[in-house]
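Report on the structure
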Amino acid sequence: MLTFIARRLLFLPVVLIGVTLLIFVAMSLLSPYQLVSTYIKSPEELKNQSLDDLVRKYGLDQPVHVRYINWVKNLLKGDLGYSVSANMHVAEAIAKRFPATLELALFAIIPVVLGGIWLGTISAKHYNKPLDHFSRVFAIVGWSLPDFVFGLIVLMIFYGVFGWFPPGRLSMWADSIVLTGDFVRYTGMNTVDALLNKRLDIFWDAVRHLIAPVITLSYLWWAYLLRITRSSMLEVMNKDYVRTARAKGLTERVVMNRHVRRNALIPVATVSGSMVLGLLGGVVIVETVFDYKGIGLLTATGAQQLDYTLVLGTTLFYGLLLVLVNLVVDVLYAIIDPRVRLE
Amino acid sequence: MKAKVCSLVVLLLLLTLSVSVFAFDPETWVYVGGAGGPQTLDPAAAYDTASGEIIHYVYDNLFEYVGGDLDNIGPLLATEVPTVENGLMSEDGRTIRVPIRQGVKFHNGAELTAEDVKYSFLRGMLADPAGGPMWMFFEPLLGVQTMRDVIAMAGGPDDFVDISEVDPAILRKAYDLVDATMEVDGNDLIFHLANPYPPFINILTKGGSWASIVCKDWMIANGAWDGNPDTWPKWYDQALEEMTLYDKACGTGPFKLDTWDKSGAQVLLSRFDDYWRGPAALKNVVIKNIPEFATRLLMLRAGDADAIYVGQQDLPQVRTIPGVTVVEDLPQITNTVLFFSFTIPVEGNEDLVGSGKLDGNGIPSDFFADVNVRKAFAYAFDYEAYLNEVVLGAGQIPKGPFPQSLPYVNTEQEYFSHDLAKATEYFKQAFNGEVWEKGFKVGIVYNTGNDARKTALEILEFNIEQINPKFQVEVIGLEWATVLDKLRSSSLPVFVMGWLADFPDTHNFAVPFMHSTGTFAGYCGQGLIDLAKEQFDALIDAGIKATDPAEREKIYHELQRLYVEQAIAMPFMEATTHRVMRDWVQGFEYCPAYAANYDLYKISKVQQ
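Residues numbered from 1 in each chain as written. Chains lettered and ligands numbered in written order. Predicted model: local features only at pLDDT ≥ 70, side-chain atom pairs only at ≥ 80, totals over all residues.

Notes on the overall build of chain A
For the record, the criterion: Runs of H or I in DSSP of at least four residues are treated as helices and runs of E of at least two as strands, each being numbered from the N terminus. Partly exposed residues are those falling between the two cut-offs: more than 12 but fewer than 20 other C-beta atoms within 10 Å of their own, whereas 20 or more means buried and 12 or fewer means exposed, with C-beta atoms placed from the backbone. Our contact criterion uses C-beta atoms placed from the backbone: two residues qualify when those atoms are within 7 Å.
Looking only at helices and strands, chain A has 15 helices and 2 strands in total. C-alpha extents for chain A along the principal axes are approximately 80 × 55 × 40 Å. Per-residue burial for chain A yields a buried fraction of 41% across its 343 residues. Within chain A, contacts between residues at least 6 apart in sequence are counted, and of these 73% link residues at least 24 apart.

Some words on the pairing of strand 8 (residues 266–271) of chain B
Residues and elements named next belong to chain B. What counts here: Whether two strands pair comes down to DSSP finding at least two bridges between them.
With 6 bridges connecting them, strand 7 (residues 255–261) and strand 8 associate as antiparallel partners. Paired with Lys256 across the bridge in strand 8 is Ser270. Examined bridge by bridge, strand 8 and strand 9 (residues 284–289) share 5 bridges and lie antiparallel to one another. Bridging from a neighbouring strand, Ser270 pairs with Asn284 of strand 9.

Overview of the confidence of the model for chain B
Caution applies to low-pLDDT regions: their predicted coordinates should not be interpreted in detail. Basically, it comes down to this: Known as pLDDT, the predictor's per-residue confidence is scaled from 0 to 100.
Of the residues in chain B, 96% have a pLDDT of 70 or more, and the chain-wide mean is 93. This prediction of the complex comes with two scores: 0.88 for pTM and 0.82 for ipTM.

Side note on the environment of A:Tyr219
Residues and elements named next belong to chain A. On the secondary structure map, Tyr219 appears in helix 10 (residues 200–237). According to the C-beta neighbour criterion, Tyr219 is buried, with 22 such atoms within 10 Å. Considered as a pair, Tyr219 and Phe150 are 69 residues apart in the sequence and their alpha carbons are 9.0 Å apart. Once residues within four sequence positions are removed from consideration, Tyr219 is found in contact with Gly142 and Phe150.

Structural notes on the interface of chain A and chain B
Quoted interface sizes are often the accessible area lost when the parts come together. So the rule is basically this: Each residue gets one label: Ala, Val, Leu, Ile, Met, Phe, Trp, Tyr, Cys and Pro are nonpolar, Asp, Glu, Lys and Arg are charged, and the others, such as Gly, are polar.
The interface of chain A with chain B comprises 52 residues on the first partner and 48 residues on the second. Where the side of chain A that touches chain B is concerned, the elements lending two or more residues are helix 2 (32–35), helix 3 (51–57), helix 5 (90–125), helix 7 (147–161), helix 8 (172–180), helix 10 and helix 13 (284–289) of chain A. In terms of residue class, the side of chain A that touches chain B is built from 27 nonpolar, 13 polar and 12 charged.

Some thoughts on the sheet that holds strand 5 (residues 182–185) of chain B
Residues and elements named next belong to chain B. Short version of the rule: Inter-axis angles, ranging from 0 to 180 degrees, are taken between N-to-C directions of lines fitted to C-alpha atoms, where helices are fitted over the stretch in contact.
Within the open sheet, the 3 strands sit side by side as 4-6-5. Their pairing is antiparallel. Each having just a single partner strand, strand 4 (95–99) and strand 5 make up the two edges of the open sheet. Across the sheet, the mean angle from the axis of one strand to that of its neighbour is 20°, orientation sign disregarded. By the bridge criterion, 5 bridges tie strand 4 to strand 6 (residues 188–192) in an arrangement that is antiparallel.

With respect to the nonpolar core
Put simply, the test is: Residues of type Ala, Val, Leu, Ile, Met, Phe, Trp, Tyr and Cys that are buried and joined through C-beta atoms within 7 Å form what is called a nonpolar core.
Judged by nonpolar contacts, the single largest core of 279 residues is most densely connected at A:Val36, B:Leu126, B:Ile308, B:Leu460 and B:Leu600. Broken down by element, the residue count for this core peaks at 18 residues, all from helix 10 of chain A. The contact partners of B:Leu126, leaving out residues within four places of it in the chain, are B:Met147, B:Val178, B:Trp225, B:Trp232, B:Trp235 and B:Tyr236.

Quick word on the packing of helix 14 (residues 295–304) of chain A against helix 15 (residues 308–336) of chain A
Residues and elements named next belong to chain A. Note the cut-off: For classification purposes, angles smaller than 35 degrees are called roughly parallel, those larger than 145 roughly antiparallel, those between 65 and 115 roughly perpendicular, and all remaining angles oblique. Crossings are classed by handedness, with left-handed meaning an anticlockwise turn of the near helix from the far one by less than a right angle and right-handed meaning a clockwise turn.
Contact geometry for helix 14 and helix 15: axes closest at 8 Å, N-to-C directions at 140°. Overall, the two elements helix 14 and helix 15 adopt an arrangement that is oblique. Every pair of crossing elements has a handedness; the one defined by helix 14 and helix 15 is left-handed. Across the interface between the two elements, Ile295, Thr299, Gly302 and Ala303 of helix 14 pack against Leu310, Val311 and Thr314 of helix 15. Looking at the contact of helix 14 with helix 15, its residues break down into 4 nonpolar, 3 polar and no charged.

Side note on helix 21 (residues 537–545) of chain B
All names here are of chain B. Where we set the bar: The arc in question is the one traced by the directions running from the helix axis out to the C-beta atoms.
Inspection of helix 21 places Ile540, Gly543 and Ile544 among the buried residues, and these make up the whole buried set. In a view along the axis of helix 21, the buried residues occupy a sector of 90°, so they form one face of it. On its buried face, helix 21 is in contact with helix 18 (507–514) and helix 22 (549–566).

Observations concerning the sheet that holds strand 13 (residues 395–396) of chain B
Across a sheet, paired strands are connected by hydrogen bonds in the backbone, their directions being either parallel or antiparallel. Residue and element names in this part refer to chain B. On the basis of which strands lie adjacent, the open sheet formed by 6 strands has the order 13-17-12-16-14-15 and mixed pairing. Of all the strands in the sheet, just strand 13 and strand 15 (471–478) have a single pairing partner and so form its edges. Sheet topology note: the strand 14 (residues 440–447)/strand 15 ladder contains 8 bridges and is parallel. Across the sheet, Tyr446 pairs through a bridge with Gly477, a residue of strand 15.

Looking at helix 12 (residues 252–280) of chain A
Residues and elements named next belong to chain A. Stated formally: One fitted axis covers the seven residues ending at a residue, a second covers the seven starting there, and the bend at that residue is the angle between these axes.
Most pronounced at Ile266, the bend in helix 12 amounts to some 45°, and the proline Pro267 follows within four residues. Residues Met256, His259, Val260, Arg261, Ala264, Leu265, Val268, Ser272, Met275, Val276, Leu279 and Leu280 constitute the buried set of helix 12. Packing partners of the buried residues in helix 12 comprise helix 5, helix 10, helix 11 (240–247) and helix 15.

Remarks on the environment of B:Asp237
One can find B:Asp237 in the loop between helix 8 (216–221) and strand 7. On the neighbour-count criterion, B:Asp237 (22 C-beta atoms within 10 Å) is buried. Remark: the alpha-carbon pair of B:Asp237 and B:Arg148, spanning 89 residues in sequence, is separated by 9.9 Å. Ignoring sequence-local partners within four residues, the contact set of B:Asp237 consists of A:Lys57, B:Asp128, B:Pro129 and B:Ala130.

Considering the packing of helix 12 of chain A against helix 15 of chain A
All names here are of chain A. Following both chains from N to C, one finds helix 12 and helix 15 inclined at 160°, their axes separated by 10 Å at the closest point. Here helix 15 runs roughly antiparallel to helix 12, going by the angle between their axes. The handedness of the crossing between helix 12 and helix 15 comes out as right-handed. Packed against helix 12, whose contacting residues are Leu265, Ile266, Ala269, Thr270, Gly273, Val276, Leu277 and Leu280, the element helix 15 presents Leu321, Leu322, Val325, Asn326, Val329, Leu332, Tyr333 and Ile336 at the interface. Along the lines of polarity and charge, the residues of the contact of helix 12 with helix 15 split into 13 nonpolar, 3 polar and no charged.

Quick word on the confidence of the model for chain A
Chain-level statistics for chain A give a pLDDT mean of 86 and a share of 97% at 70 or above. Element-level mean pLDDT values for chain A span from 81 in helix 3 of chain A up to 95 in helix 9 (residues 190–196) of chain A.

Considerations on unusual backbone geometry
The residue A:Asn87 is not glycine, and still its phi comes out positive at about 60°. Inspection of the secondary structure assignment puts A:Asn87 in the loop between strand 1 (82–83) and strand 2 (88–89).

See the structure below:
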């Protein structure tokens, strides 16, 4: 297994060079005066701007290979460049925004995966019965709803009507402590940092702000996992070894948990891997609706503004994530199913 | 049993988490804007309204508009407003003495001096970041636009890539030229202008973030230019993020900068208790940006925001909310204009000009150089419909290139109206009748995402195509990056843009709209440049040098008449604006020249 992991990690630089080269090639199709739109974001900002001066100042008229070589040189020095759309260095932007996304992903992944598997199991157990129909309809409605619409509904109910779960990552009072007080940022994740700073009030405030986006993400993604789990379980339930287990007189609970669900989990693990990737990559719409400033919104804004240093930096980061998460999923296969051997 | 316990725990947890009691805080102000926060907090570089808003609260200028009235300039960090009558301005308007107020403290406790004031402007001019606002000092003080021009005046090159290429002796000479424009005399600062420049005082007045006063010693201690005449090139045209005041501030304003939380898209300010006019009523200020309107609206309803940004199209949603005040019809110094390119490149531009010939399938390069075509377009537009149906009455129809809230504007000027008969008449005269006979096909452009501008073009399209079936107009939405690229080469036959004043003077519109070196001459092709040189440049130059208001009025009326007579472009809207706030906000005062949405020094909160 170690050889397998090492080989995959060695493959990482090739992936990263590939994706960044692709972006540079795409960028080379744009003229310097298109790229200068990063610095002049709207017609109203055209006032007395000298486009030529800006092109010259930021080196946008240099050939694409020169810009790529410069970028790689800076990268080797640990400098990912400066992002105009984020108003900070790319590395700093990722370091500040990713923990927010990671925190949301960590809080969301448990209800998303457990809820999805649980619903899938219920459906499979009560195949073609009212409970099966109900859970499928319930989840499919979530899958069919645009995330933007469902996010707004959740926000309107839980914040607009009840005033429970406000948007943002923290309340104003907590923000002012975190940003200007003696609060130490260890991880960038508000819940974890609050506990490490022994600020339970800030911890609860951070959790309050996480609930609405987590509810939204969970409901939207349950249908996906439900369908995979349900079909996978139905397939396994018809296997000979399940019939044998029942014939041995094992209780239905043991049959389902030990023999059916475990074997049905391999496709679920694959899907969960891509879900984790999706969550870590940021969920732009949910971040937008709940004013949750994560890495998804950062990347989307950067791409809209043709902020190519930011796009390159985040792509590099996503490439890294992609390889690592896929590696973890492959390793999980072997753990779930001992028949799988990683070569 | 286990399930019941679990349910109970979850319920209790939810109840604990959901405890949210809205507590009215009279000392905290929260404003939630739309997309886009500040780009920099450096007064020498900031040239967008979001940056200007923060600078407005943290710094003071020499003067202010009293009560927001553009006709009433009063002293702020100065003790008097210079005029010829009080002897602080010379008869020819070229020497201006500004007495500086004593006893004013910066946020670091240092006391304001005339040296600080000179350093503020001198540093900004020497830094002159590309695309920044410092041209407003170069033009009146030296008669040029940039520091690069000053270096050229001193005998250096004007096309250097790196300033280190320039001979240090020339750089020193350039410094001396800039330095000589300002002189400290005791507690006074004396400006020496290259030519009379009547709106110079407006440039120095609050609302002009570029004229904010910084603390010289604090600046030097924080890594800014050290005041040495030979070292300034090190700070010349730096990237925004490398400038000293990019995300730091030390002004004399009513609020101190606590933090600019870039990742959270918010700025936190706190009250400066030693403010020379007395401390503000508000203690804490949060200015944040949330692009999603529904989220902003819910925050306003919940009382978590005291004021929010609401687009014109969303106003009906907030007008009836209890506890919310909407102040409408606030004048702005702005206009929205349909521009024509007088010389359009054909090659590679076929998506907009078709065949490039007057054959019914395109337009020739000089299509809009014919005044009849321009007038026909101008008469084909339904101004009233746009005003009433699209922007829902929030504005007025212009009378030319100068917004009517500015001085020296002829509000009686005859202007275009929706008149298809006249449009037909002009189309028939265009290109000696060829346009009418053969027809044309043209792409007219807006930048995607701006629906009001799209609708304006659709109104024009509908009306022109009604006139003659051989006329084909296609409304095309282009990404902003592509619009910029095509503007640079004057490739857009027809395009819509807005213009917002830097300072409230007619000159600020005359140059970009009509001068051969102005912004739009560059985007509207050589044809307009030639016309401007021939007819407008001399008048514009005379207008800014005239010190007699009557003479200025005459000149700007003439420019306005020429603009309409020649239908250089088609201004079609002078939009008003509005503010949406909770009813507990007291002391709201509006000034069209201020970037700040609210003058927070005057704001207080009183629960209703």
